[in-house]
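Residue strings, one per chain:
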Amino acid sequence: MKADLFDQRRLLELQAVDTQLTQLEQRRRKLDADPALATATQRLRGLGDKAAHLSGDLADLDRDIERVEREVELVTRRAEGDRTRMASGAATAKELEGLQSELESLARRQGTLEDDQLELMERRESVETELETTRGQVEQAREALARIEADRDRTIAQIDAETDDAGSTREALKIAVPDRLVELYERIHARQPIAAAELVGRRCGSCRIEKSPADMIPIKAAPIDEVLRCEECGCVLIRTELPQSKPTTLASEEELKKYT
Ligand SMILES: [Zn+2]
């Protein structure tokens, strides 16, 4: 295939845009897998679970405290009843003995209940303090996550804008380059990320393989408008060390000889 070297060189610009688009895509994928975002999300979830557990514990403790309070009330009422009966003078000696023994047992029960009550109140206080602290941490974790998400959204917007720009540049370049050359480029680009590369010295800019002096003979002999391909990787090989267009003056003929 033949194409003006100037047009061939435009493929390098197209390649640069495609490389930029690939990098933008990679940046976006990296953002999706951002460990900071995953860590912050996990932390918030963990703290949320902890706060929910503590709230549950607190509700359980409140129920226990209420139950003990009711029992204390029952014991107190029963003891009052017993004392009223004893004071009434209507009870028999045997009954008085029974009431006395019950009062002692009720007093012991009340003592135990009051110990339980105290212990439950202490536990409640400690759970409440922990819940308070955890709620503060949940709030901080929520703010940290929101900051990370906002940063991420800003970066995504930036990537989107750069992708749009690169897409427009790509379209403009495609219009500027002859169709056959673009078709060749696109065909290669569908197979491999680098479809056009510079020939630097004897090295292909894509696969980085250095050509032997024997391989260089046909490359050097090829007319400048001949579209060359790298035999190793298949990309279009662009000679950037040659003058831009076909020489018409004696001076550029001389210049061309230096390179070929
Ligand atoms: Zn190559």
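Here, the structure is the one placed above.
Here is a short report on the structure shown in this document. (Residues numbered from 1 in each chain as written. Predicted model: local features only at pLDDT ≥ 70, side-chain atom pairs only at ≥ 80, totals over all residues. Heavy atoms only, no water.)

1. Let's talk about the coordination of the zinc ion
Working step 1: Around the zinc ion, the protein supplies Cys204 (SG), Cys207 (SG), Cys230 (SG) and Cys233 (SG) as donor atoms, at distances of 2.3 to 2.4 Å.
Working step 2: With four donor atoms in place around the zinc ion and angles of 104 to 116 degrees between them, the coordination shape is tetrahedral.
Working step 3: Counting gaps between the donor residues of the zinc ion yields the pattern C-x2-C-x22-C-x2-C. Taken together, the positions of cysteine 207 in the loop between strand S2 (203-204) and helix H5 (213-221) and cysteine 230 in the loop between strand S3 (228-229) and strand S4 (236-239) put the pair 23 residues apart, joining distant regions of the chain.
Working step 4: With a relative accessible area of 24%, cysteine 207 lands in the partly exposed category. (Donors = N, O, S within 2.8 Å, 3.2 Å for Na, K, Ca; no water. Tetrahedral: all angles 85-135°; square planar, octahedral: opposite > 155°, others 65-115°. Helix = DSSP H or I, 4+ residues; strand = E, 2+ residues; numbered from the N terminus. Buried < 20%, exposed > 50% of the residue type's maximum accessible area, 1.4 Å probe, protein only.)

2. Things to note about the pattern of salt bridges
Working step 1: With the rule as written, the count across this model stands at 25 salt bridges.
Working step 2: Between aspartate 225 and lysine 2 there is a salt bridge, with the nearest N and O atoms lying 3.8 Å from each other. Within this pair, whereas aspartate 225 is found in the loop between H5 and S3, its partner lysine 2 is found in the segment before helix H1 (5-32), the two being separated by 223 residues in sequence.
Working step 3: Aspartate 225 sits in the buried class, given a relative accessible area of 18%.
Working step 4: Lysine 2 sits in the partly exposed class, given a relative accessible area of 46%.
Working step 5: Across the pair lysine 2 and glutamate 226 runs a salt bridge whose closest N-O atoms are separated by 3.0 Å. (Salt bridge = Lys/Arg side-chain N within 4 Å of Asp/Glu carboxyl O.)

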